[in-house]
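Descriptive structure summary
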Amino acid sequence: MQDKNRILLEIENLVVHYITGKTVVKAVNGISLQIEKGEALGLVGETGAGKTTTAYSIMQIIPDPPGKIIDGKILFEGEDLNKLPEREMKKVRGNKISMIFQDPMTALNPVMEVGTQIAEGIRLHEHVSKSEANIKAMQIMEKVGISAERFSDYPHQFSGGMKQRIVIAIALACHPALLIADEPTTALDVTIQAQVLSLIEKLQKEMDTSMLLITHDLGVVTEICQKAAIMYAGEIVEYGTLEHIYNNTRHPYTIGLFGSLPNFTDNVRRLKPIKGMMSDPSNLPDGCFFAPRCPHATEVCRNGQIPVIELEPGHLVKCLKCGY
Amino acid sequence: MNNKNSTDTTVAYSNEIFGRKKSLLKEVWERFLKNKPAIVCLFIIALLIICAVFAEQIAPYGPDDQDLTRKLQLPSLKFPFGTDEYGRDILSRIIYGARPSLLVAAVSVTFSCIAGTFIGCVAGYYGNIVDNSFMRLIDIIQAIPSMMLAISIAAMLGSGLGNVMIAVGIGTIPNYARLVRASILSLKEQEFIEAARSVGAGNIHIIFRHILPNCLAPIIVQATMSIGAAITAAAGLSFIGLGIMPPTPEWGSMLSSGRALMRRYWHVVTFPGLMIMMTVFSFNILGDGLRDAMDPRLKK
């Protein structure tokens, strides 16, 4: 059993729905995961799998209405964030948990100097003077590889990759215990992606921050993370260390994901994409959500609750067909 | 030589930094400078403001210096705009008249701008019931023609400078409220607002530091444009006797008292009328110019 003290974030059976009129979009359907101190967890899944909703739930910034956290616990340093009053939550956001947003083009305020935007978090959480906060902000700018001279520049004067560095600087300004990176490289071009990733990895190690890395790129996960969780239709279908996920892949969805990646070592002529589309989250099927697309699905898969099976310690799979 | 070169590069370097730092305002200013009519109007407005501030020094006569021996004289070198029925110099009265007009415009616009922005912010940001109740209130104000509203408020409160300001100001609150609310509705969905929330910023902080600066440009433009309307409204109120009372020199009341003499003495009403027209026109063109400079996308 893991040491309880090492666990920083523990999500238990989180359920988040978006309710608009009569339709209920079941974005997150009972996910559980743990992040230890200093550890990086990759949350992988396709668009609409509920990855960002999970991140927003941890930050408690789900737009309400229409979003609602229906059930579950988000224990951060032993406290349930779902029950924390907004006043207390404000002290957690940006200070203990912070977030890197997907698109640096829209995540920065266009009419505010970037340095001020970095200093903003410091001034909100640490009782320091404006000039001290500015000095701290400049130090962080240097850390993410942007000259402190550019403190007074506006976002439109930076390139996409540099803007993402600023976003990273904002997120790390208060040395958070947990960093949520929501597809930090999706909006960047390929040459910059590697730089930004290695920067995130370097800073995460340096500051001993835990990280939840949200991505749909399995390659990114291998580079940075120690554990991975594969999400499909608001559920974690496979969860384990990189060793478990990559070398002992069990869930048909995860197998499908790997099948749709180009591979240099095997002589494969065609990629094997997963057939079909993800089920409509407002109208999910009974039984296993992946059953309609699953090549191994049988009648038992289409009814009732699918249990989570622990194949090895720490390797969890939500599938009836792989448990033996 | 070598030394000079190095200072040159330092200067160039600091200029570069400085230039970048100022670029947002500078860009707007440079675009504005290209707009010749707007520059002319800015110049006219500057002149008017100077006239209003230094009226004592500029005006050749006092605004209330009566002399019945020189009444109703046509424009001449001595009295460039002529004299009125009490022998007062019309040019001097127009110069003094810039004071109440500009003052009413400035105060009423500031008042309605702040009130409207506040209502728009609260309504747009908090949404739902707050939005509905505030905006229905705004609808009620807007359902009444603004001149009617101003007249009834002025009639209720009585004449006087302060009351004119309130009467003119209230009618334009809906314009700002709607404008700001619309901007906020689109702004609050932006990711940087979420990002601000994710660093622990509260609602008030987000509204003042992130949302308002982003919708400042349309507010400034709207304010400049409505200065013209405010001047017309104030002059209109004075014209019908609900605004600033004679003998205080005011363009609207000068028009009003001169209208009986209009057929025989054209100059008594022409110059105050021209002044109103020119001022309103200048502010409108300036507003247009500001809009084009601040948001080049809007320009056709």
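Residue indices begin from 1 for each chain and proceed along its sequence in written order. As a convention, the first chain written is A and the first ligand written is 1, with the rest following in written order. Totals for whole chains, interfaces and linings use every residue, but because this is a predicted model, local features are given only for residues with pLDDT of at least 70 and side-chain atom pairs only at 80 or more, for both listing and counting.

We now examine the overall build of chain B. Runs of H or I in DSSP of at least four residues are treated as helices and runs of E of at least two as strands, each being numbered from the N terminus. Looking only at helices and strands, one finds twelve helices and zero strands in chain B. What you see in chain B, going N to C, is helices and strands ordered as α-α-α-α-α-α-α-α-α-α-α-α. Within these notes, the globule rule equals 2.2 Å times the number of residues to the 0.38 power, and the radius of gyration is based on C-alpha atoms. A compact globule built from 300 residues should have a C-alpha radius of gyration of about 19 Å, whereas chain B, at 24 Å, is more than 25% larger. C-alpha extents for chain B along the principal axes are approximately 75 × 70 × 35 Å. Each residue is classed by its C-beta neighbour count within 10 Å, where at least 20 other C-beta atoms makes it buried, 12 or fewer makes it exposed, and intermediate counts make it partly exposed; the C-beta atoms are placed from backbone geometry. Burial analysis of chain B (300 residues in total) assigns 39% to the buried set. A separation threshold of at least 6 residues defines the contact pool for chain B, and within that pool the share at least 24 residues apart is 68%. Each residue gets a C-beta atom placed from its backbone, and two residues are in contact if those atoms lie within 7 Å.

With that settled, consider the pairing of strand β2 (residues 23-36) of chain A. Residues and elements named next belong to chain A. Strand direction decides the pairing type here: strand β1 (residues 7-20) and β2, joined by eleven bridges, are antiparallel. Across the sheet, residue L14 finds its bridge partner in β2, namely I31. Here β1 hands over to β2 after two residues, with G21 in that stretch at a positive phi of 60 degrees. At least two bridges found by DSSP between two strands is the condition for calling them paired.

In this section: helix α6 (residues 160-172) of chain A. Residues separated by three or four positions in an α-helix point in the same direction, a consequence of the helix having 3.6 residues per turn. Given a rise of 1.5 Å per residue, 13 residues ought to cover 18 Å, and the 18 Å separating the end C-alpha atoms of α6 of chain A matches this to within 8%. Burial analysis of α6 of chain A places eleven of its 13 residues in the buried class, the great majority of the element. Multiply 1.5 Å by the residue count of a helix minus one, and that product is the helix's expected span.

Before going further, it helps to examine the interface of chain B and chain A. On the side of chain A, 28 residues touch chain B, which itself brings 18 residues to the contact. Ranked by residues supplied to the side of chain B that touches chain A, first place goes to helix α8 (residues 191-198) of chain B with six residues. Residues are grouped as follows: Ala, Val, Leu, Ile, Met, Phe, Trp, Tyr, Cys and Pro are nonpolar; Asp, Glu, Lys and Arg are charged; all remaining types, including Gly, are polar. Taken together, the residues of the side of chain B that touches chain A sort by class into seven nonpolar, six polar and five charged.

Another point: the sheet that holds strand β5 (residues 79-80) of chain A. Residue and element names in this part refer to chain A. Pairing is antiparallel in the open sheet, where four strands are placed in the order β2-β1-β4-β5. If you trace the sheet from one side to the other, it starts and ends with β2 and β5, each paired once. Taken together, the eight bridges between β1 and strand β4 (residues 67-76) define a ladder with antiparallel strand orientation. Its bridge partner lying in β4, L9 is registered against F76.

Another point: the environment of I140 of chain B. All names here are of chain B. Structurally, I140 can be placed in helix α5 (residues 128-143). In this structure I140 comes out as exposed when scored by C-beta crowding, with 10 C-beta atoms within 10 Å. Separated by 34 residues in sequence, I140 and P174 have C-alpha atoms that sit 9.4 Å apart.

Here we come to unusual backbone geometry. Across residues other than glycine, the phi torsion is negative in most instances, and most of the peptide bonds are trans. Residue and element names in this part refer to chain A. One non-glycine residue with positive phi stands out, namely D208, at about 55 degrees. With respect to the secondary-structure elements, D208 resides in the loop between α7 (190-207) and β8 (210-215). Residue D208 is classed as exposed on the basis of its C-beta count, with 10 C-beta atoms lying within 10 Å. With a phi close to 50 degrees, A233 is a non-glycine residue in the positive phi region. Along the chain, A233 falls in the loop between β9 (227-232) and β10 (235-241). Residue A233 is classed as buried on the basis of its 24 C-beta neighbours within 10 Å.

This brings us to the confidence of the model for chain B. All names here are of chain B. Considering every residue of chain B, the mean pLDDT works out to 84; 90% of them sit at 70 or more. The least confident element of chain B, judged by mean pLDDT, is helix α1 (residues 2-33) at 58; the most confident is helix α2 (residues 36-53) at 92. On a scale of 0 to 100, pLDDT captures the predictor's confidence in every residue. Predicted confidence is poor over residues 1-21, with pLDDT under 50, and the contacts of this stretch with residues over four places away or in other chains come to four contacts. Both confidence scores are given for the complex: pTM 0.77, ipTM 0.80.

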